[in-house]
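The primary structure of each chain is shown beneath.
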Amino acid sequence: MGQMVVHFAGEGAGVAELSWGQLEILGAMERHGTWLALSNVYPLRPGTTIEDVAEWLRYLMGRHQVLRTHLRFPADGPPGQVLHASGDITMDVVEAGREEPLDVADRMAYQYAMRDLDLGRDWPLFLGVVLKDGVPAYRVLTACHVVWDASGALAVLADLRERDAAGGAPPRPITATQPLEQARWQRSPAGQRHNEAVLRQWAEVLRRMPARRFPAPVDRGEPRYWKLEFDSPATHLAVQIIRSRTRAGSAQVILTMFLVALARVTGISPSVTRIAVNNRFRRGLADSVSVTTQYGLCMVDVAGVTFDEALERVSRRVIATFKNAYYDPARMAELVERVGRERGEELDIQCYYNDRRLGQEDKAIADPPTAAEVRAALPATTFSHEPLTRRRSERLFAAVEEAPGAFHLTLEADTWHLSREAMVACARAMEETAVAALLRYDAGTGRPPRRTLR
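Throughout what follows, the structure given in this document is the object of discussion. (Residues numbered from 1 in each chain as written. Predicted model: local features only at pLDDT ≥ 70, side-chain atom pairs only at ≥ 80, totals over all residues. Heavy atoms only, no water.)

**What about the overall build of the chain?**
Thought 1: If you tally the helices and strands in the chain, you get 12 helices and 15 strands.
Thought 2: Considering only C-alpha atoms, the chain reaches an extent of 65 × 55 × 45 Å along its principal axes.
Thought 3: Across the 454 residues of the chain, 53% fall into the buried class.
Thought 4: Working note: accessible area of the chain is about 21000 Å², and carbon and sulfur atoms make up 52% of it. (Helix = DSSP H or I, 4+ residues; strand = E, 2+ residues; numbered from the N terminus. Buried < 20%, exposed > 50% of the residue type's maximum accessible area, 1.4 Å probe, protein only. Areas by Shrake-Rupley, 256 points an atom, 1.4 Å probe, with all protein chains shown as cover.)

**Focus on the sheet that holds strand S4 (residues 69-72)**
Thought 1: Pairing is antiparallel across the open sheet formed by three strands, whose spatial order is S2-S5-S4. With one partner strand each, in any of the chains shown, strand S2 (14-17) and S4 form the two edges of the open sheet. When strand polarity is set aside, the average angle formed by the axes of neighbouring strands in this sheet is 25 degrees.
Thought 2: Here S4 pairs with strand S5 (residues 80-83) via four bridges, running antiparallel. Counted as the bridge partner of Leu 71 is Gln 81 from S5.
Thought 3: Contacts from helix H5 (residues 179-187) reach S2 and S5, with the element oriented near 45 degrees to S2. (Pairing = 2+ DSSP bridges. Axes fitted to C-alpha atoms, helices over the stretch in contact; angles between N-to-C directions. Contact = heavy atoms within 4.5 Å.)

**Section: the packing of aromatic side chains**
Thought 1: Evaluated as defined, the whole model comprises 10 aromatic pairs.
Thought 2: Taking 5.3 Å as the distance between ring centres and 20 degrees as the angle between the ring planes, the aromatic pair formed by Tyr 112 and Phe 126 counts as stacked. Note that Tyr 112 is positioned in helix H3 (residues 101-114) and Phe 126 in strand S7 (residues 125-132), a separation of 14 residues in sequence. In terms of burial, Tyr 112 and Phe 126 fall into one category: buried.
Thought 3: By the ring-pair criterion, three or more aromatic residues cluster together here, those being Trp 20, Trp 185 and Tyr 326. (Phe/Tyr/Trp six-rings, centres within 6.5 Å; stacked < 30°, edge-to-face > 60°.)

**Let's talk about the pairing of strand S9 (residues 225-232)**
Thought 1: For S9, the tally of buried residues reaches seven of eight residues, placing the bulk of the element in the interior.
Thought 2: Pairing of S9 with strand S15 (residues 407-414), which is carried by eight bridges, proceeds in the antiparallel orientation. Its bridge partner lying in S15, Leu 228 is registered against Leu 411.

**Some points on the pattern of salt bridges**
Thought 1: One pass over the structure, following the stated rule, counts 23 salt bridges.
Thought 2: The shortest N-O distance in the salt bridge between Arg 58 and Glu 55 comes to 2.7 Å. One end of the pair is Arg 58 and the other is Glu 55, both in helix H2 (residues 50-63) and three residues apart, which spans about a single turn.
Thought 3: Residue classification places Arg 58 among the partly exposed positions, given a relative accessible area of 31%.
Thought 4: With a closest N to O distance of 2.8 Å, Asp 308 and Arg 245 form a salt bridge. Placement of the pair is Asp 308 in helix H9 (residues 307-323) and Arg 245 in helix H7 (residues 233-246), with a sequence separation of 63 residues. (Salt bridge = Lys/Arg side-chain N within 4 Å of Asp/Glu carboxyl O.)

**Brief notes about helix H12 (residues 420-437)**
Thought 1: With 18 residues, H12 extends 26 Å from end C-alpha to end C-alpha; this agrees with the ideal 26 Å at 1.5 Å per step.
Thought 2: Of all the positions in H12, only Ala 422, Met 423, Val 424, Cys 426, Ala 427, Ala 429, Met 430, Glu 431, Thr 433, Ala 434 and Ala 437 are classed as buried.
Thought 3: If you follow the buried residues of H12, they end up packed against S9, H7, helix H8 (250-266), H9, strand S13 (382-387) and S15. (Expected span 1.5 Å × (residues − 1).)

**Side note on the side chain of Arg 282**
Thought 1: In this structure, Arg 282 sits in the loop between strand S10 (271-277) and strand S11 (294-300).
Thought 2: Summary of buried charges: Arg 282 has no salt-bridge partner, and the nearest side chain of opposite charge, Glu 24, is 11 Å away.
Thought 3: In this structure the side chain of Arg 282 is engaged in a polar contact, spanning 2.7 Å, whose partner is the side chain of Asn 279.
Thought 4: Setting aside chain neighbours within four positions, we find Arg 282 in contact with His 194, Phe 322, Lys 323, Asn 324, Ala 325 and Tyr 326. (Lys, Arg positive; Asp, Glu negative; His and termini not counted. Polar contact = N/O pair within 3.5 Å; in protein donor to acceptor, adjacent residues only side chain to side chain.)

**Details of unusual backbone geometry**
Thought 1: With an omega dihedral of 0 degrees, the bond running from Ser 269 to Pro 270 counts as a cis peptide bond.
Thought 2: Structurally, Pro 270 can be placed in the loop between H8 and S10.
Thought 3: In this structure, Leu 36 is a non-glycine residue whose phi angle is positive, near 50 degrees.
Thought 4: The phi dihedral of Asn 279 is positive, around 65 degrees, even though this residue is not glycine.
Thought 5: Its location among the elements puts Asn 279 in the loop between S10 and S11.

**Observations regarding the sheet that holds S9**
Thought 1: With mixed pairing, the seven strands of this open sheet are ordered in space as S11-S10-S12-S14-S15-S9-S13. This sheet does not close on itself; its edge strands, each paired only once, are S11 and S13. Across the sheet, the mean angle from the axis of one strand to that of its neighbour is 20 degrees, orientation sign disregarded.
Thought 2: Sheet topology places S10 next to S11; seven bridges connect them, and they run antiparallel. The residue bridging Ile 275 from the neighbouring strand is Gly 296, located in S11.
Thought 3: Strands S10 and S11 of the sheet are contacted by helix H6 (residues 189-208), whose axis makes an angle of about 45 degrees with S11.
Thought 4: The sheet contacts of H9 involve S10 and S11, and relative to S11 the element is tilted by about 145 degrees.

**A word on the environment of Arg 428**
Thought 1: Within the secondary structure layout, Arg 428 lies in helix H12.
Thought 2: Residues Arg 428 and Val 5, 423 residues apart in the sequence, show an inter-C-alpha distance of 52 Å.
Thought 3: Dropping the residues within four chain positions of it, Arg 428 is found in contact with Phe 230, Thr 381 and Phe 383.

**Remarks on a nonpolar patch on the surface**
Thought 1: Where nonpolar side chains cluster on the molecular surface, the patch consists of Leu 154, Leu 157 and Leu 358 and spans about 220 Å² of accessible area.
Thought 2: Within the secondary structure layout, Leu 157 lies in helix H4 (residues 150-165). (Patch = residues over 30% accessible without salt bridge, like charges linked within 9 Å, V, L, I, M, F, W, Y side chains within 5 Å.)

So, in structure tokens, the structure goes:
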């Protein structure tokens, strides 16, 4: 493997504390014991040269300040960031030889993800080029999650497409608030007033919620952390029918299904989960590349009511959840601990939900499926279990993902709190809820829990 040094320069330099979004993902990295690598393997167009890829890297580093940032962790203060105006980065170049270039590229992405990364010294990404007979075939980019979230990555891709469409001409100026400016506003009087308002809203929920998310531990086996992949074409069709009948968004429909399933499987009500909110609806963040995603706190009583009533409750509550998902994570952790002490019990908010679908939200349904099509699709439901290769700090993490023609759910759980059987039951309960509610506005969400655990 050879290396090529690429020099870059861009606007802006300075020092600040970390933004709230950066602190949120840094905390997740520390809890999981990994720098949460995000990789992309991209086939290059014929005629692309190594110099073209180097220029692409030079542009990327100069354009986006978050890539030119080192973190610092002083012993006597909060973590901070240092933005550099210029620097050098190495680009790896490897010849595939007799191997398939894609296989080599995939292996390179894996090797990047396994590398040690010192965010105080290293740039937060690795880039490599795979050649076939001396000609660039694939570009491999692996970035640390502290750089961007999913929406930030999409913003980068949109920026690159705009540049390519303009034949490499200088793109429009960046209008999104950069991380240093985000951090400075968050520490300003206005930012602190916003944070205090969010803390007050969270405190109201924390004082009313059931302390526990899950029943008593049921499994002390190893491996402790497991992943469930659940694919249901029937649920995909049922959600379309429910959307057409209720005029609700798919995000609200699926979240309601999850909260109903959670109450049904755990027997704990109201349902409480933390919901990923990317915060790009806020002023100055619409086109932000950097991490802005944080988790709001959502509590909804969905037991013993019709699905439509549960859906209405969820739709109302989600507004407040999104509004109050932009905050200082350190102050929030202190609040959760303090309210727990006031109540005399530890508060469990380690249930997370992330709707990762991008670009599919609420497309018009001209001809919704039929109930017969839903029932015919039920036998096609599949699921699989596998142990996680890394620990999860969350007791349950649920993610809804894009999948052609199917509803795809990923559950990652600490089986000391939610067994593998309960993971399957939760996924099945989401499917059953959707199928029951597809035509009946009065379809119930299941029996109320026998007790509310505290």
